[in-house]
Structure formats: C-alpha cells, structure tokens
Amino acid sequence: MTQNTSVFAQRLQALRDLMAEKGLGGYIVPRTDEYQGEYLPASAERLAWLTGFTGSAGVAVILKDSAVVMSDGRYTIQLAQQVDNSVYDTDNNTKTSIEDILLQGAKQNDTIGFDPRLFTLAQIEKIQIKLKDSGIGLQSESKNLIDTLWHDKPAPPMAKADVFPEAIAGRSMQEKLEVIATSLKEAGAELGIITLSDSIAWLLNIRGGDIPHIPVALSYLLVRQDATADWFIDEEKLTDAVRTHLGNRVAVFAPQTMEEKLAQNVKGKTVMLDPGRTSLWFHEAVMAAGGTIVTAKDPCIDIRAQKTDAEQQSMRNAHVRDGVAIVKFLKWLDDNGASGGETELSVEQKLLSFRKEAPEFRDTSFDTIAGFNAHGAIVHYRATPETSQTITAPGLLLVDSGAQYNDGTTDITRTMAIGQASQEMRERNTLVLKGHIAIATARFAKGTLGKDIDALARAALREEGLDYAHGTGHGVGCYLSVHEEAAHLSPRGEEPPLPGMVLSNEPGYYQEGDYGIRIENLVMVKEADDGLLEFETITLAPIDKSLVIKEKMTGEEIDWLNDYHARVFATLAPLLDDEHKAWLENACAPI
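Fair warning: this is a prediction, and the values are worked out from it, not measured in the lab.

J.: Whenever I open this one, the overall build of the protein confuses me. Can you help?
T.: The helix and strand tally for the protein stands at 19 helices and 30 strands. The globule rule puts the C-alpha radius of gyration for 591 residues at 25 Å, and the 25 Å found for the protein is close to it. Its C-alpha atoms give the protein principal-axis dimensions of about 70 × 55 × 40 Å. At a minimum sequence separation of 6, the contacts of the protein that also span at least 24 residues come to 70%. Summed over all atoms, the accessible surface of the protein reaches about 22,900 Å², with 47% contributed by carbon and sulfur. Charged side chains in the protein number 57 positive and 86 negative. The centres of these two groups are separated by 2 Å.

What follows is the structure in structure tokens.
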C-alpha cells in the first residue's frame, strides 16, 4: 500500500456509524457518477476515497460485519496492491455480483442503502430480483453517505465548452436533433432524457473539459419531438460562441432546476429513458411528476458509433499525426531505454512531450500505461512516484497510450524489448501478433457478432493453452471517449460491428509477476466491394520485429506485417527529419 491504510479503516468505520444512524444494514458505493461515465471528475471519486482503489471500474459493498471491494479481471493485481486486506475483502465482479455479497453477508430484514443517482434502473432491478424473498431490502437515499463524510471533497468542474466544427462532425446539430426526434416518435415518446456526456457532446456538436481525457461537459439534455431541447448545464461553462451555436433550438437551464423543469414538462407525457444508462433518479422524478416512461436505448449511441465520412477522415488524420509522435518516441526509447537512466514515469513524460509538439493536441485519451516487466502484466497499471521502476536490460516494456487531438482520438499499445528478450517472451509475443493479424485481416458477413470475431484473436494463444482476461476490442470516439460504446470484440460481444465504427484490436498475454505483452491498433469497419465487412487499420507505428519469430508465422501473416510496415513508412517518412526517417526505415524493413 502506498497510502496510510489506517485512513481507510477510519473512513469505513465512519460510514458504518452513519449507516447505523440511518438504520441501514449496508451501503453500496459504485465507481461512477450521476452521468454514468467511465472517467470521473475528482469530486465523484467516492470509491477511491473510501477504499484506496483507483481502477476505472468497481464497487464496494459495505455491511455491518464485512466489506468487499470488487472489480473485473483487468484489476485483479491492482486490487491486491491498493486495497488493505485487513480492512476489505476483494473479489471479481464478473464472477461475484453485488447481490451475491448481500445474500451471503446481509441479515434478514437488513435495509441496504444506495444513491439513486449512481445506479441505473436496470442495475437496481437486477439486484431486487435476486433479493426477492430474502428479507433483504434496498432503500434509495437522497443524500449520498460518502458526501456527508467527505469534508474536503473537491468542487465540481466548471471547464468552458467549445463548438465542435461541423466540417469534422459531418452533420449539423440541427440534423442530429431531427434524427433523435424521429427516434422519439418511433419509440412512442414525446420527450427523451439524455444523460451520457458523450451522447450530449455528439448531439449538440460541442466539446468540453470537465473530466480528464474525455472532452465533455457534464450536463443533462431533455429532447422534444419537434427537435428542440433543454440543456441543463452551468451557465459558467458556456462561451458566447457556444450560445450562438445553440441558437433558438436549445434552451439552457441550471442543473439544479432539473427536478422543477421535469415537473413542469412531463406531466401526462411519455418520456423515453434508457434503463441501462440513465440513473434511477430520473425514473423516480418522471414518475413523481406524473409522466409515463418508455424504455429504450439512448438513441445517440448507435448513430454516434458509425462515423460520418468526415469523422472517418479526421480520425485518419489524427492517427498520422500520432504516428509521427510515436516514431519519435520509439527512436528515443531505442537510443535510451537500456541505459538504466529511464523510469516508467520518464517514459510516460517523454511520450507526452512528443505528442504535445502537435498544435492540435488537447490531452491524453487515458492515463498512459508504461509497465516494465512485472508491471506490464497489470493490465491497467499506472506508474506513480512510489511504484515507478527503473528500466534496465533485459526486459519488456509495455506502453499503452492515446491522445485527444481536436479532430480525433487515438489509442495504441506497443511492447518493446529492452535488451535481449527471452525465447518465451518472443514466442508469446508472436502468438499475440498472430491474433492481432487475424483481426486485422478478418472478413465477415454483416451481422457477425463481436464475440465471434474476438475468438479469432485468441485462437493462436488457445492452441498453446493460453489466453487473456480482457476483451480484444472496444469502440473509440471521434475526439470523444476512448472507450466509446459500440460493438465490442469480446467473449460477451453480442452486437455486430457496423460500417464506420472505430474499434481497437488489442490481444495480449500476461505472465503475472514477470511481464506483459499487448499489441494494439485501431481499426475502422469498412464494407468491401463484395458486400462483406473488413477492417482498415488506421494506427500507424512500427511493431517491434525483434520480438517476432518468423518461423512461427504463416506466409500470409508475414506479408501482412511487411505490408503494414511499408504503409507506415510511406505515410510517415515524409513528415520526419532524416535521422528519424532512417530509424523508421530500419524499423519497417521486411522480415
């Protein structure tokens, strides 16, 4: 542990004391906010405040005599490192659910409290179904218990919003509002409530700066069938340019007036809510105001995921720019990585400095993962001053990073040998590369599910009895969320990739306590001339050939790698000085 663990024991006891005051037998603390986002402002990091766990997904279930912190397989090692096991138990929430913990640890007639702004209707209904006949009840608490205890909680963010150019978006705000209005009509709804920040940013053609890494303005939106909307956002965030952009189609109201405006607007009307993405609080408020609810998926999600032609080109442009930064970084690492003078943190800062050379750079798209040797096996590792390792030969350095440029979002992982890699490392890397190539070259019929494509990436590893505990691909937005909701390539991927979607292609292998390997490019779903779908790889950066065993590759796989490297060189070389161009030529030479 890097923090004073007694602090977390004290906070847990304070929460239990407050639970007792309120007659609660338990309390659930999810890692989310009222906007149901993955990345949170500092003011919403309640799980981290209570437990010390800083992963991007998780939940704590606090009972009178037990307390459990859970996350998914990406964070197994991080949970063990960050959470004090004398205070909390830990578990994998893909195997053990909240309701499992409650049924095992809560007592009959216990009431379990939760904040309705932090849970969706679907989440609460799932728990209630499992708790039926157990004598354990759920109780919505209007005041968050953690907020009552968190006396130095940061203020909510108030970053300025900007207009996102229509030339990049490919559709005007008016066009998008009309599309969503049609969706409302088709769903039989007069009004729709949109609460996902990236949906609002996409729909209104705005970007913001309220949270790290994702350019959104935290807010809510009420959309009508006539393609007008009420935007609930702090006025302080709006510039004159944004107000002009909104025109008379979008009225602005303070977020604190949301309940009052719902009472005025929804009585006797049908309101569309997404039960899986909108907080339960809205369901309760609409019902209290006399509205009728129609449940449907947020209508922005699928349309947003299929990029317009303009967005597709902007994403390609951003990846060319990012490729230049990555090449400069890889050459620097080649020159300095084995010197013993660099650390995981210095690697992260050097990469950031190269990206910042582009005037279009706005932010990283997530916290950079620079994991050397054993740290590379922690899927979502983040180096800190306390954990940052010195990089020395021999070993493997895994760097997973991304950028937000004002016209596109990037996400790339490269695994590099520092000095001479072991034979096992090279064998495992080659298996991962074979899986990566299987995705890059896949051709599939429309309607093929993400889980079926995901299996291609695992085939070579599984033949050797190996696998990895994360999905192969997630959606990526256009200057929006790096984890955009779209079809995803994973064993649970039940939706088909559609033309225009941008997905990651990132198989990996992790030897806990020793090293990690991941190779990631972003791919765009395209329709081929014969009607099948295929992927266009848009990430441009060399893959470490010293980690590839040519004899274990098929002729087609070797051709793909050589062709990819030829395209990387042809695209990036004209943008580099002679020194970097010479390095890239060698890095991209055929195997």
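J.: Explain the sheet that holds strand β17 (residues 369–372) to me, please; I cannot follow it from the model alone.
T.: Strand pairs in the sheet, formed through backbone hydrogen bonds, run parallel or antiparallel to each other. One open sheet holds the three strands; their spatial order is β17-β19-β22, and the pairing between them is antiparallel. Each having just a single partner strand, β17 and β22 (412–418) make up the two edges of the open sheet. Neighbour to neighbour, the strand axes of the sheet diverge by 10 degrees on average, direction disregarded. Alignment of strand β19 (residues 395–401) against β22, held across seven bridges, turns out to be antiparallel. Looking across to β22, one finds that Gly395 is bridged to Ile418. Most of the contacts of helix α14 (residues 309–336) go to β22, to which it runs at about 15 degrees, and overall it touches β19 and β22. Contacts from helix α15 (residues 344–355) reach β17, β19 and β22, with the element oriented near 45 degrees to β19.

J.: Sorry, what's going on with the nonpolar core here?
T.: The nonpolar side chains of a soluble globular protein tend to be buried, and buried together. One finds Phe329, Val347, Leu397 and Phe535 to be the most contacted residues of the largest nonpolar core, which totals 77 residues. By size, the runner-up hydrophobic cluster in this structure holds 53 residues, among which are Met173, Ala181, Leu222 and Leu480.

J.: Any chance you could explain helix α16 (residues 423–440) here in plain terms?
T.: One turn of an α-helix holds 3.6 residues; hence residues three or four places apart share an orientation. For α16, spanning 18 residues, the distance from its first C-alpha to its last is 25 Å, which sits close to the expected 26 Å at 1.5 Å a residue. Burial runs high along α16: 13 of the 18 residues are buried.

J.: I'm lost on the side chain of His436 in this one. Help?
T.: Of note, His436 is situated in helix α16. Of the residues examined, His436 reaches a relative accessible area of 0% and is grouped as buried. A distance of 3.2 Å separates the side chain of His436 from the side chain of Asn521, its partner in a polar contact. If near-sequence neighbours (up to four positions away) are discounted, His436 is found in contact with Asn505, Pro507, Ile519, Glu520, Asn521 and Trp560.

J.: Looking at this structure, I do not really get the packing of aromatic side chains. What am I missing?
T.: To describe a pair of aromatic rings, one takes the distance between the centres and the angle between the planes. Counted according to the given criterion, the structure contains 13 aromatic pairs. Between the aromatic rings of Tyr220 and Phe282, the centroid separation amounts to 4.9 Å while the plane-to-plane angle is 70 degrees, which identifies the pairing as edge-to-face. Within this pair, whereas Tyr220 is found in strand β10 (residues 220–224), its partner Phe282 is found in helix α12 (residues 280–288), the two being separated by 62 residues in sequence. Assigned by exposure class, Tyr220 and Phe282 land together as buried. Above the plane of the ring of Trp281 lies Arg117, whose end atom (NZ or CZ) is 4.2 Å from the centre. Between the NZ or CZ atom of Arg321 and the centre of the ring of Tyr405, over which it lies, the distance is 5.2 Å.

Cut-offs and rules
- Residues numbered from 1 in each chain as written.
- Predicted model: local features only at pLDDT ≥ 70, side-chain atom pairs only at ≥ 80, totals over all residues.
- Heavy atoms only, no water.
- Helix = DSSP H or I, 4+ residues; strand = E, 2+ residues; numbered from the N terminus.
- Rg over C-alpha atoms; globule rule 2.2 N^0.38 Å.
- Contact = heavy atoms within 4.5 Å.
- Areas by Shrake-Rupley, 256 points an atom, 1.4 Å probe, with all protein chains shown as cover.
- Lys, Arg positive; Asp, Glu negative; His and termini not counted.
- Charge placed at Lys NZ, Arg CZ, Asp CG, Glu CD.
- Pairing = 2+ DSSP bridges.
- Axes fitted to C-alpha atoms, helices over the stretch in contact; angles between N-to-C directions.
- Core = buried A, V, L, I, M, F, W, Y, C linked by side-chain atoms within 4.5 Å.
- Buried < 20%, exposed > 50% of the residue type's maximum accessible area, 1.4 Å probe, protein only.
- Expected span 1.5 Å × (residues − 1).
- Polar contact = N/O pair within 3.5 Å; in protein donor to acceptor, adjacent residues only side chain to side chain.
- Phe/Tyr/Trp six-rings, centres within 6.5 Å; stacked < 30°, edge-to-face > 60°.
- Lys NZ or Arg CZ within 6 Å of the ring centre and 35° of its normal.

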